[in-house]
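Fold and geometry: a report
One letter stands for each residue in the lines below.
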Amino acid sequence: MYTLTNVTRLYQKGRHTVPAVRDVSLEIPDGDWLAIQGRTGHGKTTLLQLLGGLDHPTAGKVELDGKNLGRMREAQLTKLRAVSIGFVFQTFNLVQTLTAADNVEAALIPLGIGWAERRHRTAEALDSVGLSDRARHLPSELSGGQQQRVAIARALVKEPKVLLADEPTGNLDEDTREDIISLLEKLWRQLGLTMVLVTHETVIARRARRIAVMNKGRIAVRQDPSSQA
Amino acid sequence: MRQPGCNRHATGRSVDQTQSAAPGGPDESNSHMTTTTGAPVTRAVGGGRSFFLKYMVRELGRRARQATVIGLGLALGIGLVITVSAAAAGVKNAQASVLHALYGVGTDITVTHPPKRGSGLLGPGAKGGGTFQIQGGPGQNPKVCVNNKCSTGAQTLDNLITTANNGPLSYSDVDKIAKLAHVKAAAGGLVLTDNKVTVSSASLTPPTQVSVQGVDLAHENLGPLSSAALKSGRTFGTTDASSHVALVDSDYATANRLQVGSHITIAKKAFTVIGTVTQAEASNPPNVYIPLAVAQALGTQGPGGQSLKGYVNTIYVTTASTADISTVQKEIKALLPSATVTTPSSLASEINGSLGSAAKLAGDLGTWLSILVLVAAFAVAGLLTMSAVARRAREFGTLKAIGWRSRRIVGQVMGESLAIGLIGGAFGIGLGVAGAAIIDAIAPNLTATIITDAGLRFAQGGPGGAGPVAFGPGGTLGSTTQNIPVHWSATVTLGVIGLAVLLAVVGGLLAGALGSWRISQLNPADALARVD
C-alpha cells in the first residue's frame, strides 16, 4: 500500500523554483487501480517517478508498505524496483539491439535467476501478452502495439507488486490503445496488481477503479470514475 | 509471469521482503529469494553472464562504425608503439653487436680510463711520457731524439704504445672487479699499436701501424679474442704467457702473406705466428694478438714513455645476468670513480653514424610519435564512449528503472570498451608486426662510427716537408674513427606484445571509465526524460 503524505517536489529552473508536485497526500491500497489524469506539465509523470523511487520528494513522505522511499539508499531503491515495481513507458523504452525475449529477460537479470528459469519465465510472459511468435524479433521489427506488449511483459515478468504505467497508450492508435488497456486491465485483475496509470485520456482513465486529477501539481481524487465528464 | 488465478498478494508479500534481501544484491549472492508465489528461486551467481555477452556483442554490432573508429585509433597507436619498440629493440641489439664486435661476445661491460695529465699520453714532454723528435730534411742526416737522448743517422723506429684515449689501469683493478657480487668474470687487456717508421737522409718512409691486442690468457673467453674463430694453427696455451708468439687476423695475414710459422716484428722483437683467426664481419679486429704479459713488457705509454708492466688499459667484464649490468656498472663506478664504464646502452651515446641516427630516430621521434598517437587514440576512444553513453541515456535510465544497478550498467559499458580495446589491440599487434617486417625489409645496413684510438698519427711540420717531424703522444698521437657495419632488424619480442595487450586494456578501460563516470552522473528520472 502506498501512502503519500504532503509530498512536494520542487525543481530549480534557472533562478526560478518550479513546483511539479505540491503537497500531495494520497493512499493507494494494494490491488487498487488508480488513473492519474491531468494536462501536460501538471506533475503526473513526476508523481509516478516519486512512486517508483526514481525521484525523491523535496518535502513529505512516499511510503510503500510503511517504508519511506525517501529515506532508502539508492541500492535499496534499485532492489525495490528490481523486485516489486514494474514500469511501462509511453515510448516503450525497449533496448533496440535486443530481441523481444531479451528485453523481457533483462528485467530478470537483477534477480540473479539462472538461465533456464529466465528463459522459461520470459516465454510465459510473452505468451501472456500474446507475443510468443515474436520472441526473436527486434523492436524495430515490431509494431507500436507489439512493442508496448513487450514492455508490459518486461514489467510483469518479475511478478511485481506494483505496476506504474506512464501514458502507456500515448503513442498508439485507437484500436491498439484499446487492446493495450484491455490487456493491462486483464493482467491487473489476474495478478492482483496495484496499478497506477498516468494518462491524459479520459476514456482510458475511466477504466480505472479510481481517478485522480492533477492540476498545477495538486491532486484531487474522485472515487467514482463514472462521474467523469 | 504466473498465469491467471495466481494472486500473489494473497501470500502477503511486502516491500520488507525486498529490503531484507542479501546486502550484496540479489544478483551477487547465492542465497534464495522468495517469489510472490512463495516458491523459492535459486539465484545463480553470474547468471547474467551470457546475457552480458549477448548484450555486448549486439551493442557493438549496432555501433559497428563507431567501434571501428575507436578500434582503428587504438590499433594505430598500439601498432606504432610495437613498431617503434621493435625498431628500438633492433637498435639496441645492433648496439650490443657493436659492443661485442669491439670487445668480444661475452663482454657486457668494458672499463677504460682516460689518460691522466702527465701520463705521457696528453702531450710531448709531459710527465710520465716521453719526448720524441726527428729532425732533418732531404739530404741531411736525420737526428732522432727520444727523451733528449739523440742519435744521428738512418734508423728504424719501432714502438709498441698504448692508444691515446686509453690510460693505464692497474692489473689489480681486474681482480677487484672480478670479486664484485654480480660479476661472473673479468679480464684485462692491452689495446696497443705498433708503429714503425724508417728515417734516412734520403727519405722518410710513411709509418706503418699494426694494431696489437694483449690477451689475458687466464680469461681467453673474454675480450676481442673470445669472438674469434681459429682458422689455422693453434690458439694460445698457458705456457705461452711469456713467449713471443702471436695469433694473426686472417685478413691481415693474407694481406701480409703471413702463415703459421711466419715471423712478425713488434717493438723490434720477433714473434712467431702460431695461428690465424677470423672475426665476425661486423667487427674491426686487431691485426695481431699477443700474450698480455709480453705486451705489458714491451709496451709503453707513448714513445719513450713509462713501461706498461703491471698495467692494462681495458678491462672486460661479464655479469651474472644481463639484468645485473646497470648494478655492476654502478659498483665499478664506485670502485674506480674516474674510470669510463661502458655498457651496451651507454655505448649508444658514443656511437655516431647511421646507427646513431637510427637510435635517435627510434628513441626520440618514434617514442614521441607513439605517445602522441596513443594519447590521441585514447582521447578519441574516451570521447566517443562518453558520447555513446550520452546517446544511450534513456536506455540506461530504463535499465535503472527495471532494477539494474549502476554497477551492472557500468560493467556493461566497461565490457564493451574493453572488447573494442582488445580488438583494437589485436589489430594493433598485426599492424606492429607488419611495421616491424617492413623495417626489416627496407632498413638499410647501418654503420656505427666510433672514435677509436689509432695510435700514432704522423705529422710533418715545416714548409716543403722540411723541419722537425714529431711523433708523440697527445697532440701528435690521436684517434681515428672506426666504422662498423651493422644489420638493423626490428625485433618484436613477447615483452612488446605484452605491452601492446596492456595498452589495449588500458585504452579500453580508460574509455570505459569515462563512460562510466558519465553513467554515474545519470539520474534515472532525468535519463528517462531524454528524447532520443
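Per chain, residue numbering runs from 1 following the sequence as it is written. The naming scheme follows written order: chains are lettered A onward, ligands numbered 1 onward. pLDDT decides what is reported in this predicted model: residues at 70 or higher carry local features, side-chain atom pairs at 80 or more are listed and counted, and totals for whole chains, interfaces and linings draw on all residues regardless.

1. Considerations on the overall build of chain A
Put simply, the rule reads: In this description a helix means any DSSP run of H or I spanning at least four residues, a strand means any run of E spanning at least two, and both kinds are numbered starting from the N terminus. Here a residue counts as buried when 20 or more other C-beta atoms sit within 10 Å of its C-beta, as exposed when there are 12 or fewer, and as partly exposed otherwise, the C-beta atoms being derived from the backbone. Any two residues are considered in contact once their C-beta atoms, placed from the backbone, lie within 7 Å.
A count of helices and strands for chain A gives 7 helices and 10 strands. When the 229 residues of chain A are sorted by exposure, 54% land in the buried category. Excluding contacts between residues fewer than 6 apart, the proportion of contacts in chain A whose partners are at least 24 apart in sequence is 69%.

2. Some details on the overall build of chain B
Helix and strand counts for chain B stand at 13 helices and 22 strands. Considering chain B as a whole, with its 532 residues, one finds that 47% of them fall into the buried category. Put simply, 81% of the contacts in chain B that link residues at least 6 apart link residues at least 24 apart.

3. Focus: the sheet that holds strand S2 (residues 16-28) of chain A
All names here are of chain A. Just so we agree on the cut-off: Only when DSSP finds a minimum of two bridges between them are two strands counted as paired.
Strands sit in the order S2-S1-S4-S5 across an open sheet of 4 strands; the sheet is antiparallel. The open sheet has two edge strands, S2 and strand S5 (67-68), and neither has a second partner. As paired elements, strand S4 (residues 59-64) and S5 share 2 bridges and run antiparallel to each other. The residue bridging Leu-64 from the neighbouring strand is Lys-67, located in S5.

4. Regarding the sheet that holds strand S8 (residues 194-198) of chain A
Residues and elements named next belong to chain A. Short version of the rule: Helix axes are fitted only over the stretch in contact, all axes being lines through C-alpha atoms; the angle between N-to-C directions runs from 0 to 180 degrees.
Strand order in the open sheet made by the 6 strands is S6-S7-S8-S3-S9-S10, with mixed pairing throughout. Edge positions in the sheet fall to strand S6 (85-88) and strand S10 (218-222), since each has one partner strand and no second. Here the strands of the sheet are splayed against their neighbours by 20° on average, with no regard to which way each runs. Relative to strand S7 (residues 162-166), S6 runs parallel, the two being bridged by 4 bridges.

5. A closer look at the packing of helix H5 (residues 144-156) of chain A against helix H6 (residues 174-191) of chain A
Residue and element names in this part refer to chain A. Condition: Throughout, the term roughly parallel applies to angles under 35 degrees, roughly antiparallel to angles over 145, roughly perpendicular to angles from 65 to 115, and oblique to all others. Left-handed describes a crossing in which the near helix is turned anticlockwise from the far one by less than a right angle; the clockwise case is right-handed. Note on residue categories: nonpolar means Ala, Val, Leu, Ile, Met, Phe, Trp, Tyr, Cys or Pro, charged means Asp, Glu, Lys or Arg, and polar means any other residue, Gly included.
Two elements in contact, H5 and H6, have axes whose closest approach is 10 Å; the angle formed by their N-to-C orientations is 15°. Considering the angle they form, H5 stands roughly parallel to H6. Considering only the axes of H5 and H6, their crossing is right-handed. Across the interface between the two elements, Gly-144, Gly-145, Gln-148, Arg-149, Ile-152 and Leu-156 of H5 pack against Thr-176, Asp-179, Ile-180, Leu-183, Leu-184, Leu-187 and Leu-191 of H6. Across the contact of H5 with H6, the residue classes break down as 7 nonpolar, 4 polar and 2 charged.

6. Digging into unusual backbone geometry
All names here are of chain A. The residue Asp-23 is not glycine, and still its phi comes out positive at about 45°. Inspection of the secondary structure puts Asp-23 in strand S2. What makes Asp-23 partly exposed here is the crowd of 14 C-beta atoms within 10 Å. A positive phi angle, near 50°, is found at Lys-216, a position not held by glycine. Within the secondary structure, Lys-216 is located in the loop between strand S9 (210-215) and S10.

7. A closer look at the pairing of strand S10 (residues 208-215) of chain B
All names here are of chain B. Of all the 8 residues making up S10, 6 are buried; the element is thus mostly covered by neighbouring parts of the structure. Across 4 bridges, S10 lies against strand S15 (residues 288-291) in parallel orientation. Following the sheet pairing, Val-212 is matched in S15 by Val-288.

8. Looking at the pairing of S9 of chain A
Two faces make up the sheet, and in a regular strand the side chains alternate between them. Residue and element names in this part refer to chain A. Strand direction decides the pairing type here: strand S3 (residues 33-38) and S9, joined by 5 bridges, are parallel. By the bridge assignment, Leu-34 is partnered in S9 with Arg-210. Sheet topology places S9 next to S10; 5 bridges connect them, and they run antiparallel. Bridge assignment links Ala-212 to a residue of S10, and that residue is Val-221. Connecting the antiparallel pair S9 and S10 is a turn made up of 2 residues, with Lys-216 showing a positive phi of about 50°.

9. Notes on the environment of Leu-98 of chain A
By secondary structure assignment, the location of Leu-98 of chain A is in the loop between S6 and helix H3 (100-106). Owing to 21 C-beta atoms within 10 Å, Leu-98 of chain A belongs among the buried residues under this scheme. Between the C-alpha atoms of Leu-98 of chain A and Leu-138 of chain A, which are 40 residues apart in sequence, the distance is 6.1 Å. Ignoring any residue separated from it by four or fewer positions in sequence, one finds Leu-98 of chain A in contact with Asn-103 and Ala-106 of chain A together with Tyr-55 and Arg-58 of chain B.

10. Let's talk about the environment of Ser-170 of chain B
All names here are of chain B. Relative to the assigned elements, Ser-170 resides in strand S8 (residues 169-170). As for Ser-170 and Asn-313, which are separated by 143 residues in sequence, their C-alpha atoms are 8.3 Å apart. With residues up to four places along the chain from it excluded, the contact list for Ser-170 reads Gly-310 and Tyr-311.

11. Side note on the packing of helix H2 (residues 49-62) of chain B against helix H11 (residues 406-442) of chain B
Residues and elements named next belong to chain B. For the pair H2 and H11, interaxial distance at closest approach is 10 Å and the crossing angle is 55°. Compared by their axis directions, H2 and H11 come out oblique. Where H2 crosses over H11, the handedness of that crossing is right-handed. Mapping the contact onto sequence places Phe-52, Tyr-55, Met-56, Glu-59 and Leu-60 in H2 and Gln-412, Gly-415, Glu-416 and Ala-419 in H11.

12. Details of the confidence of the model for chain A
Under the convention used in this document: Known as pLDDT, the predictor's per-residue confidence is scaled from 0 to 100.
Taken as a whole, chain A shows an average pLDDT of 90; of its residues, 97% reach a score of 70 or greater. The least confident element of chain A, judged by mean pLDDT, is S10 of chain A at 82; the most confident is H3 of chain A at 96.

13. Thoughts on the environment of Ile-290 of chain B
Residues and elements named next belong to chain B. Turning to its location among the elements, Ile-290 is positioned in strand S15. Taking the number of C-beta atoms within 10 Å as the measure of exposure, Ile-290 has 31 and is therefore buried. Sequence separation between Ile-290 and Val-273 is 17 residues, and the spatial gap between their C-alpha atoms is 9.6 Å. Those residues in contact with Ile-290, other than ones at most four positions away along the chain, are Val-212, Gly-214, Ala-246, Ile-266, Phe-271 and Ala-295.

14. Notes on the confidence of the model for chain B
All names here are of chain B. In this model, chain B carries a mean pLDDT of 74, and residues with pLDDT of at least 70 account for 70%. Low pLDDT, under 50, characterises residues 119-127; the stretch is placed with 41 contacts to residues that sit more than four places away or in other chains. For this predicted complex, the interface score ipTM comes out at 0.92, while the overall pTM is 0.61.

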